[in-house]
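Overview (structure and organization)
Below are the chains, spelled out letter by letter.
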Amino acid sequence: EKAIRQLQQKGIEVSLFVDPDPAQIEVSHGIGADIVEIHTGHYAESRSDSEARRQFARISRAVETAARFELGISAGHGLNYQNLGPVLKTPGLEELNIGHSIISRSVFSGLSKAVRDMAIAAATEDNRFLPVSVDELRKLDYEISVLSAPEKIGDWRKIELGKHGVIVKQGRRTGVFLPQVAEE
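Time to look at the overall build of the protein. In terms of regular secondary structure, the protein is built from nine helices and six strands. Projected onto its principal axes, the C-alpha coordinates of the protein cover approximately 45 × 45 × 30 Å. Per-residue burial for the protein yields a buried fraction of 28% across its 184 residues. Looking at the protein alone, contacts between residues at least 24 apart form 46% of all its contacts between residues at least 6 apart. On the protein, roughly 12600 Å² of surface is accessible, and the fraction owed to carbon and sulfur atoms is 54%. When the 23 positive and 26 negative side-chain charges of the protein are each reduced to one mean point, those points stand 2 Å apart.

Take a look at the structure:
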């Protein structure tokens, strides 16, 4: 608890990586965590449909518990193209951590194809947005942006549209506008 308070006093949000166990989430809330990242590894490694359903039910209950405590909610570990769909459709999840899956897949397919495949999954299976149809996919332009570490600025007028991206934050909500988006 002391370490969490010290971090928060410096403006650092604290996220704890927990099993999909309501008791662990309750303890996380009790000691002052801001966010929980729910471990999805047992779901991702399930060897049967019935086991996957059982593990997914645990994740769903964990998300519901975290929402009751008004914690920020993320999830990740072992998620990939084949098992991501149900997790994307889980109401209340604010963030999924899937970078390892993309990079691992890129070893076999190339980074471009790995990113494209995950972008298609996000465009067609993310319940926060209306799905993009297969016909629309052919009409979309795709871009990959490689970002440097963000830097704080003292004066917003120093932002150069088309050159700098912008990170906007309020509470636990964060939005990232890439340089090309900020220009629009």
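Read on for the rest.
We now examine the side chain of Glu37. Residue position: Glu37 is located in strand S2 (residues 35-39). Within the structure, Glu37 has its side chain in polar contact with the side chain of Asn97 (distance 3.1 Å).

Our focus in this paragraph is the sheet that holds S2. One open sheet holds the four strands; their spatial order is S1-S2-S3-S4, and the pairing between them is parallel. Edge positions in the sheet fall to strand S1 (15-18) and strand S4 (95-97), since each of these pairs with one other strand and no more. Across the sheet, the mean angle separating the axes of adjacent strands is 25 degrees when strand polarity is ignored. Two elements, strand S3 (residues 72-76) and S4, share three bridges in a ladder whose sense is parallel. In the strand pairing of S4, Ser74 is matched with Glu95.

A few words on helix H4 (residues 49-68). Relative to the 28 Å expected for 20 residues at 1.5 Å per residue, H4 spans 29 Å between its end C-alpha atoms, a close match to the ideal helical length. Buried within H4 we find Ala52, Gln55, Ile59, Ser60, Ala62, Val63, Thr65 and Ala66. Elements in contact with the buried residues of H4: helix H2 (22-30), S2, helix H3 (41-44) and S3.

A word on helix H7 (residues 111-125). Over its 15 residues, H7 extends 21 Å from the first C-alpha to the last, a length consistent with the 21 Å expected when each residue adds 1.5 Å. Inspection of H7 places Ala114, Asp117, Met118 and Ala121 among the buried residues, and these make up the whole buried set. Seen end-on, H7 carries its buried residues on one side only, within an arc spanning 95 degrees. On the buried face of H7, the contacting elements are helix H5 (84-88) and helix H6 (99-109).

Conventions adopted
Residues numbered from 1 in each chain as written. Predicted model: local features only at pLDDT ≥ 70, side-chain atom pairs only at ≥ 80, totals over all residues. Heavy atoms only, no water. Helix = DSSP H or I, 4+ residues; strand = E, 2+ residues; numbered from the N terminus. Buried < 20%, exposed > 50% of the residue type's maximum accessible area, 1.4 Å probe, protein only. Contact = heavy atoms within 4.5 Å. Areas by Shrake-Rupley, 256 points an atom, 1.4 Å probe, with all protein chains shown as cover. Lys, Arg positive; Asp, Glu negative; His and termini not counted. Charge placed at Lys NZ, Arg CZ, Asp CG, Glu CD. Polar contact = N/O pair within 3.5 Å; in protein donor to acceptor, adjacent residues only side chain to side chain. Pairing = 2+ DSSP bridges. Axes fitted to C-alpha atoms, helices over the stretch in contact; angles between N-to-C directions. Expected span 1.5 Å × (residues − 1). Arc of directions from axis to C-beta.

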